[in-house]
Amino acid sequence: MSAVMIPPILPSAAIREALESGALETAVDLISRHERDVRSALSTTTDTIHDFPGWQTLLKEQRELLEQLQGARSEASDALQRLHGNRRGVEAYRSGGQV
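Residues numbered from 1 in each chain as written. Predicted model: local features only at pLDDT ≥ 70, side-chain atom pairs only at ≥ 80, totals over all residues. Heavy atoms only, no water.

(A) Summary view of helix α2 (residues 24-42). Between its terminal C-alpha atoms α2 stretches 27 Å, which fits the 27 Å expected from 19 residues at 1.5 Å a residue. All of the buried residues along α2 are A27, L30, H34, V38 and A41. Across the axial projection of α2, the buried residues extend over an arc of 70 degrees, all falling on one side. Residues of α2 that are exposed and angled more than 90 degrees away from the buried face: L24, E25, V28 and R39. (Helix = DSSP H or I, 4+ residues; strand = E, 2+ residues; numbered from the N terminus. Expected span 1.5 Å × (residues − 1). Buried < 20%, exposed > 50% of the residue type's maximum accessible area, 1.4 Å probe, protein only. Arc of directions from axis to C-beta.)

(B) Here's a closer look at the layout of surface pockets. Roughly 180 Å³ of internal volume is contained in the largest pocket. Considering the residues around the largest pocket, the lining is formed by L10, I15, I31, H34, E35, V38, R39, Q62, L65, L66 and L69. Where the lining of the largest pocket is concerned, the elements lending two or more residues are α2 and α3 (52-94). For the lining of the largest pocket, the element with the most residues is α2, which contributes five residues. When its residues are assigned to classes, the lining of the largest pocket shows seven nonpolar, two polar and two charged. (1 Å grid on protein atoms, 1.4 Å probe; cavity = no way out; pocket = protein on both sides within 12 Å on 5 of 7 lines; lining within 4 Å. Points joined across faces, edges and corners; volume = space filled by probe spheres on them. Nonpolar A, V, L, I, M, F, W, Y, C, P; charged D, E, K, R; others polar.)

(C) Expanded view of the pattern of salt bridges. The final tally for this structure, using the stated rule, is three salt bridges. Across the pair R39 and E35 runs a salt bridge, and its minimum N-O distance is 2.9 Å. Taken together, the residues span about one helical turn, with R39 and E35 both in helix α2 at a distance of four residues. Note on R39: relative accessible area 57%, which makes it exposed. Residue E35 is classed as partly exposed on the basis of its relative accessible area of 39%. When the shortest N-O distance is used, the salt bridge between K60 and E64 registers 2.8 Å. (Salt bridge = Lys/Arg side-chain N within 4 Å of Asp/Glu carboxyl O.)

(D) Seen up close, the packing of helix α1 (residues 12-20) against α2. At a minimum axis separation of 7 Å, α1 and α2 run at an interaxial angle of 160 degrees. Our classification of the angle between α1 and α2 gives roughly antiparallel. For the element pair α1 and α2, the recorded crossing hand is left-handed. For the pair α1 and α2, contact is made by A14, I15, A18 and L19 and by L24, T26, A27, L30 and I31, respectively. Partitioned by chemical class, the residues of the contact of α1 with α2 number eight nonpolar, one polar and no charged. (Axes fitted to C-alpha atoms, helices over the stretch in contact; angles between N-to-C directions. Parallel < 35°, antiparallel > 145°, perpendicular 65-115°, else oblique. Left-handed = near helix turned anticlockwise from the far one by under 90°. Contact = heavy atoms within 4.5 Å.)

See the structure below:
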């Protein structure tokens, strides 16, 4: 008799909450645990039947989270560039326009 392999649940709400509160280590830990769970589930090669619609849903959720993370990374990069620009402006002002 074959068992049906249900894909692991992505803790996306907990990951988002951790990121929004600045708990980056918690977010990384949640993502790492999820990755281990997925790898473990996929390595099952015995008489297991995979729940393909469930895996497709999980993939969709992962892609949505990835898009959010990429957007946050872009926002952080833009903010960092603005800070560098502001710093150069302050230095130019302090040096009388000579940077």
